[in-house]
Amino acid sequence: MSSAAEQEAVDAAAMEAVEAGDAVRGGGAAPPVPHVNGRVNGAVIQDRESALRAATRSRPPVWPGSSHPLGARFRTGPDGTAGTNFALWAQGAEAVEVCLFDADGAETRCALSELTHEIWHGFLPGVFPGQRYGFRVHGRWDPWTGARFNPAKLLLDPYARAVDGDFALPPEVYGHVRDWPQQYIADTVRDDRDSAPHVPKGVVVHDDDDWADDVRPKTPWADSVIYELHVRGFTMRHPGIPEELRGTYAGLAHPAAIEHLTRLGVTAVELLPVHQFAHEDHLLRRGLRNYWGYNSIGYFAPHAGYSSSGTAGQQVGEFKRMVKALHAAGIEVILDVVYNHTAEAGELGPTLSLRGTDNRGYYRLQSDQRRYADYTGCGNTLHAGRPQVLRLITDSLRYWVTEMGVDGFRFDLAAALARSMHDVDMLSPFLAVIAQDPVLRRVKLIAEPWDVGSGGYQVGAFPPLWTEWNDRYRDAVRDFWRGALPDVRDLGYRLSGSSDLYAWGGRRPYASVNFVTAHDGFTLRDLVSYERKHNEANGEAGRDGTNDNRSWNCGVEGDPPGGTDARIGALRRRQLRNLLTTLLLSTGVPMLVAGDEFGRTQGGNNNAYCQDNETGWVDWSLLEDPAWRDLFALAARLVALRQAHPVLRRRAFFSGRPQGADGLRDLAWFTPAGAEMTERDWYAPAAALGMYLSGRDIPGRDERGRQVSDDSFLALLHAGDRPVEWVLPGAPWAAGYELVLDTAREDQSAPPRTRHRGGETLTVPARSVLLLRVAL
């Protein structure tokens, strides 16, 4: 049969499926459920005439093309003809159409007749960058066995590099009849209405950017200071960013935004999700939107809502220019990525992309294949143990590194990706593939080392090459400063790099990403102002957000605009200084959250995922307040101190053993009596801890092979509510000390620079940190 005849046969089969609609086949003991042709609550389920018109529209020729690479790639075809190659992996499909849309939304369907290793492909000459498109995939509708093909639903290309339009969720975008009266079987009743008018389209993009002038900072892990921010929230209220650029990639690339980052001294920004994402139905029904973006649907496309230059492919170039601007300032770009689930949710969710492409191939299903295995709390879980899903994830990761310029990734709910069959497995295909990939093993990899499934908490268990969000650090530091630690054993581990968690298999202290706050939870200011979450604006009756805040409001709940009692306000600011100082003096990689360095508040909302407004945005007017300017100055000084002293950013764990003839150890712990802590001291109730960091003979050498040495420091941390008399360790530890930081001081514009002798008794104020440099 000729290729033209083959195409006509495929087109005829597709037309027959559209016109007739195969009956739903039952699986197991479940009865068959017919297609719905008619009305449900007065709604027309299928507009057969428009489907027929779309299917018979004149089509351009479809040449065989190539099965590689996947997605839509503009290139030169046979005889030098320019066009676009389309390729879609759709195992189990019976036919696939690529659908082209003009400026008026008119659709042209072209059948992809070539099938190679479950990949449907074809080359369309004359299709150029800027073309909007989607796929329709024909096949069995049999939810009882997990098959949910529905050609009435236009599907977003999983490899689309740009997306034009936003996701609303009317009934037409569901593969099943969303409003079927009997909800317990609604997901089995196929909805044949055309979803194309209601869903975004992929956009063909021309890869034409040159990275020759880009210089990646390549900051070593031990020298890194991470700053978690939201592209939109960080820039929406910044007075130095032109209004038309606020909330966008271009806004983050603006000199005013970058100037703040460089003044603070951070080495990397960790961007909350920038993959194309969709809003959940329950939010849209309440007049809200997904703000954080942990609801991905396009793993190759920069979220179009953050583009100032357009959504017909311009967002790709704008994102690249942002990365280049940050690199030029010495700042790396780390993406928070959500490969554990998609925006299609559970069986009652919409059909947007993967579900209609191959539901059984992409998602983890239960033994009852109508249902999804949910290790994420979001309704579905991608099956990262399957080759094609692994290919999707790793192709996406490599794309963002090689073609979009990013420097690393933070993996949301990484434990869900590390599951093999059911259990989390540190020899899983996902971790094995990452470890051997020549591109990905060289970038920064951060795991959120848990998911919501059984056995999902895996802090300290990820293999070498990975760093981890260390929530045990967060909990110990919060508990210490609110007076809830029974002793200081756990705090000692957290301050010194969490060797109990990471000193195995060649891992280093920088395997621990230390944080006190993150996007999820209270801001730093709210942590000292609220003991209860105040999430009323989310509309979920307080069910959302954690109740385990480990916060202390300093005696008064809330932070009204006019402030509270002056003593309460002063204590709260001191606690903020304590928390920031503890974080930036700890061994490991510190992570700050945008705005915490100058007192950002969310009004006690500890789950602002749907607050795309002043609650979720950074309030830059706070920097006009001298008190909050002083907090920023302290944060910047602490970052600079850290960068200046290698003893604060060690590349190897402390040994705790004597390092020389004088018997000094590289790390020593002291009680307020000036004595080294004994085993009994570690188990005794205590609210104070002294940490001596020796700068002599630090393990490792510099780039020229020279031994690294530094000043030595003594940090005194006191969380008690009364001052304590502290005897400073004398010989051989130090002849004297210079006080360089005192968090009890309200004015942090200049260091105190007072000197003290070894053996001298120093009054440490209540709830404060003193940092002293050893003067030999």
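Further up the page is the structure itself.
What comes next is a walk through the structure. (Residues numbered from 1 in each chain as written. Predicted model: local features only at pLDDT ≥ 70, side-chain atom pairs only at ≥ 80, totals over all residues. Heavy atoms only, no water.)

1. Concerning empty space enclosed by the protein
For the structure on display, the rule yields nine cavities of 30 Å³ or more. Put simply, the largest cavity is a space of about 140 Å³. Considering the residues around the largest cavity, the lining is formed by 15 residues, among which H230, H519, V593, R600 and G616 are closest to the centre. Mapped onto the lining of the largest cavity, the elements with two or more residues apiece are β14 (226–229) and α3 (231–235). Partitioning the lining of the largest cavity into residue classes produces eight nonpolar, five polar and two charged. Considering only enclosed or pocket space, the second largest cavity measures out at about 80 Å³ in volume. Around the second largest cavity sit R478, W481, R482, L527, V528, R550, S551, W552, C554, Q575 and L579, which together line it. Looking at the lining of the second largest cavity residue by residue, the class counts come to six nonpolar, two polar and three charged. (1 Å grid on protein atoms, 1.4 Å probe; cavity = no way out; pocket = protein on both sides within 12 Å on 5 of 7 lines; lining within 4 Å. Points joined across faces, edges and corners; volume = space filled by probe spheres on them. Helix = DSSP H or I, 4+ residues; strand = E, 2+ residues; numbered from the N terminus. Nonpolar A, V, L, I, M, F, W, Y, C, P; charged D, E, K, R; others polar.)

2. Here's the deal with the sheet that holds strand β13 (residues 201–203)
Strand order in this open sheet of five strands is β6-β5-β9-β13-β12, and the pairing throughout is antiparallel. Both outer strands of the open sheet, β6 (107–111) and β12 (163–164), are each paired with one neighbouring strand and no more. In terms of strand pairing, β12 meets β13 through two bridges, oriented antiparallel. Counted as the bridge partner of V163 is G202 from β13. (Pairing = 2+ DSSP bridges.)

3. Topic: unusual backbone geometry
Peptide bonds are trans in most cases, and residues, glycine excluded, mostly fall at negative phi. Residue P69 follows H68 across a cis peptide bond; omega there is -5°. Looking at the element boundaries, P69 is found in the loop between α2 (48–56) and β3 (71–76). Here the bond from A731 into P732 is cis, since omega is 5°, no more than 30 degrees from zero. Counting through the fold element by element, P732 comes out in the loop between β29 (724–727) and β30 (736–742). We note that S498 has phi near 55°; this positive angle belongs to a residue other than glycine. Examined against the element boundaries, S498 turns out to sit in the loop between α13 (489–495) and α14 (499–502).

4. Side note on the packing of helix α9 (residues 387–402) against helix α11 (residues 429–436)
In contact at an axis separation of 11 Å, α9 and α11 are set at 35° when each is read in the N-to-C sense. In the packing of α9 onto α11, the handedness of the crossing is right-handed. For the pair formed by α9 and α11, the contact residues are L390, I393, T394 and L397 on the first element and P429, F430, V433 and I434 on the second. Class assignment for the residues of the contact of α9 with α11 results in seven nonpolar, one polar and no charged. (Axes fitted to C-alpha atoms, helices over the stretch in contact; angles between N-to-C directions. Left-handed = near helix turned anticlockwise from the far one by under 90°. Contact = heavy atoms within 4.5 Å.)

5. So, the pairing of strand β21 (residues 467–470)
Here two bridges tie strand β20 (residues 444–447) to β21, and the two strands are oriented parallel to one another. Note on β21: the bridge partner recorded for A447 is E468.

6. Side note on helix α12 (residues 471–481)
The element α12 is largely enclosed, with a buried count of nine among its 11 residues. Those residues of α12 that fall on the buried side of the exposure criterion are D471, Y473, D475, A476, V477, R478, D479, F480 and W481. Just past α12, the residue G483 takes up positive phi, approximately 75°. (Buried < 20%, exposed > 50% of the residue type's maximum accessible area, 1.4 Å probe, protein only.)

So far we have only geometry, and geometry alone does not tell us how the molecule works.
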